[in-house]
Every structure is written in C-alpha cells, then in structure tokens.
Amino acid sequence: MLGFPLIVLNFKVYLEAIGENGIRLARYAEEVSKEHGVSIAVAPPVTMLSKVIHAVGIPVFSQHVDPSPPGSWTGSVIVEMIKECGVAGSLVNHSEKRMLLADISTIIKRLRESNLITLLCTDTIETTKAGAALSPDIIAIEPPELIGTGISVSKAKPEIVAGAVDVVRKINPSVHILCGAGISTGEDVAKAIELGTEGVLLASAYVKAKDPRRLLSDMAQAALKAWEAR
Ligand code: G3P
C-alpha cells in the first residue's frame with residue numbers, strides 16, 4: 001500500500017485542515033500521488049479519520065494512538081478504534097504528543113498485531129537509535145526546534161538527518177527512514193532524499209500553502225528526481 005519515496009502530510013489540528021478543507025487537502029494529495037506515481041499519505045485530525053478514508057484512496061494515518069487495551073479508559077484513542085476507521089497506520093510519539101519508551105514499545109506491538117503501519121517520530125540521533133531497536137516500519141527524525149519554522153531540517157541540520165540514516169542502517173536496516181521539520185519546498189524534499197532518507201513528513205508548509213496542490217506537485221516531482229538519481 002505504501003511505496004518509497006514517501007511524502008507524509010500531517011494536518012495536525014490546524015483550522016485549515018478541519019472539516020471540508022481537510023477533505024480538500026486529502027483529495028489534492030490523492031490527485032498528486034496518482035499524477036506523479038509518488039506515494040503520499042495523509043494524517044488528518046482524529047475526528048476526521050473516517051470521512052477522509054471514505055473520500056480518498058491513499059493511505060491515511062492516525063496522528064496518535066494510546067497504548068491502552070479496550071476497556072475503562074475514558075477519552076483514549078486506541079488501536080482498535082483507528083483500525084475500525086480503516087487507517088493504514090499511525091504516527092507514534094510525535095514531538096507534540098510525546099510518549100514514554102515503554103508505551104511506545106507497547107503501541108508498536110499492538111499496531112503490528114493489527115497489521116497497521118508504525119511511523120515512529122524521533123527527535124535526536126540517540127532517540128533514533130533507541131527507536132530503531134523497537135523495529136517500527138518507519139522512523140521520522142524531526143528536530144523539534146525546527147518544527148513549524150519553515151527552516152528545513154534537510155538544509156539547516158543535514159548532519160542530524162545523515163546521522164539518523166546512518167544509525168538506522170546499522171541497527172535495523174529493515175526500518176524505513178524519513179525526516180521532517182520545516183520542509184517547505186521541492187528542493188527541501190530533494191535534499192532530504194540526497195541525505196539518504198526515503199521521504200519526508202511535513203505539515204505547515206502544505207496545510208497553510210496558498211496553492212497546496214501546486215506545492216505538493218513540486219515536492220512529488222523533486223522527490224522522484226532525487227530518488228532516481230540515488
Ligand atoms: O509532523 C510533521 C511536523 O512536525 C513538521 O511540521 O510544520 O515543520 O512541517 P512542519
């Protein structure tokens with residue numbers, strides 16, 4: 001269902017992504033994915049998962065999932081709930097939704113048992129090392145200080161991206177690696193792939209773009225070009 005290079009669009013809970021606007025952003029992603037043959041996944045606000053899944057045919061991720069099993073856990077969003085919505089997988093431990101190591105481990109196991117894809121977010125080379133040992137399907141390294149700044153990690157901190165790629169390859173080469181934080185242009189995406197990643201995770205540049213479809217189309221073309229040149 002997922003291929004590489006991969007662009008994952010996290011809609012967070014931006015007002016621009018709630019309701020019909022969120023559906024429109026997901027539809028653009030599907031159109032661009034089909035047009036360029038690049039894998040693109042979206043992570044809409046949790047209350048919109050079902051609607052988005054019914055509206056588009058690309059992989060849809062939950063932005064978060066709790067480690068609890070079914071039962072007496074008021075307000076939790078558990079694996080069985082997102083599975084029932086039809087998600088492809090879930091982000092885990094995003095910098096804006098951090099979790100304890102033991103809970104991350106439980107969630108990765110629970111998602112795997114449900115045949116859902118795990119996209120683990122890490123913030124440093126050290127946490128990437130620890131994360132790779134838990135065997136998620138994908139790791140996305142995102143230095144939190146660059147999130148939402150428009151300053152791309154692939155240009156501002158290439159050593160962190162390359163370092164994360166390196167530790168993942170050494171510890172668990174079956175784990176796919178993305179990077180994120182401040183990714184804003186096709187050039188940023190190309191640079192991320194040149195550093196050894198298999199794609200990007202981004203949010204604000206897409207959700208808040210004047211012309212999101214055009215931006216995503218630029219990113220998809222840049223991703224393909226950099227991928228073919230590897
Ligand atoms: O999950 C993606 C994210 O944290 C990066 O956000 O707005 O810098 O693309 P942004």
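Residues numbered from 1 in each chain as written. Predicted model: local features only at pLDDT ≥ 70, side-chain atom pairs only at ≥ 80, totals over all residues. Heavy atoms only, no water.

With that settled, the discussion passes to the overall build of the chain. Check the secondary structure of the chain and you find ten helices and eight strands. A compact globule built from 230 residues would reach a C-alpha radius of gyration of about 17 Å, and the chain, at 16 Å, matches this within 12%. Dimensions of the chain along its principal axes, counting C-alpha atoms only, are 50 × 40 × 30 Å. Expressed as a percentage of the 230 residues in the chain, the buried residues total 57%. Expressed as a percentage of contacts within the chain between residues at least 6 apart in sequence, the contacts between residues at least 24 apart total 68%. When the accessible surface of the chain is summed, it comes to about 10,000 Å², and 54% of that surface belongs to carbon and sulfur atoms. Taken as two groups, the 23 positive and 25 negative side-chain charges of the chain have centres that lie 1 Å from each other. (Helix = DSSP H or I, 4+ residues; strand = E, 2+ residues; numbered from the N terminus. Rg over C-alpha atoms; globule rule 2.2 N^0.38 Å. Buried < 20%, exposed > 50% of the residue type's maximum accessible area, 1.4 Å probe, protein only. Contact = heavy atoms within 4.5 Å. Areas by Shrake-Rupley, 256 points an atom, 1.4 Å probe, with all protein chains shown as cover. Lys, Arg positive; Asp, Glu negative; His and termini not counted. Charge placed at Lys NZ, Arg CZ, Asp CG, Glu CD.)

The subject of this paragraph is the site of the ligand. Near the ligand the following residues occur: Asn 10, Lys 12, His 94, Glu 142, Ile 147, Gly 148, Ala 181, Gly 182, Leu 201, Leu 202, Ala 203 and Ser 204. Ser 204 is positioned such that a nitrogen or oxygen atom in its side chain is 2.4 Å from an oxygen atom of the ligand. Alone, the ligand offers 310 Å² of accessible surface; in the complex the protein occludes 100% of this. When atoms are counted within 2 Å of each cavity's grid points, the one that captures over half of the ligand is the largest cavity. Partitioned by chemical class, the residues of the shell around the ligand number five nonpolar, five polar and two charged. (Near = heavy atom within 4 Å. Polar contact = N/O pair within 3.5 Å; in protein donor to acceptor, adjacent residues only side chain to side chain. 1 Å grid on protein atoms, 1.4 Å probe; cavity = no way out; pocket = protein on both sides within 12 Å on 5 of 7 lines; lining within 4 Å. Sits in = over half its atoms within 2 Å of the grid points. Nonpolar A, V, L, I, M, F, W, Y, C, P; charged D, E, K, R; others polar.)

Our focus in this paragraph is the layout of surface pockets. Reported here for the largest pocket is a volume of approximately 260 Å³. Among the residues making up the lining of the largest pocket, the classes are represented as five nonpolar, five polar and three charged. Counted as a void, the second largest pocket has a volume near 190 Å³. As for the second largest pocket, its lining consists of 15 residues, of which Asn 93, Ile 104, Cys 121, Thr 122 and Thr 127 are closest to the centre. (Points joined across faces, edges and corners; volume = space filled by probe spheres on them.)

By themselves these figures say nothing about function.
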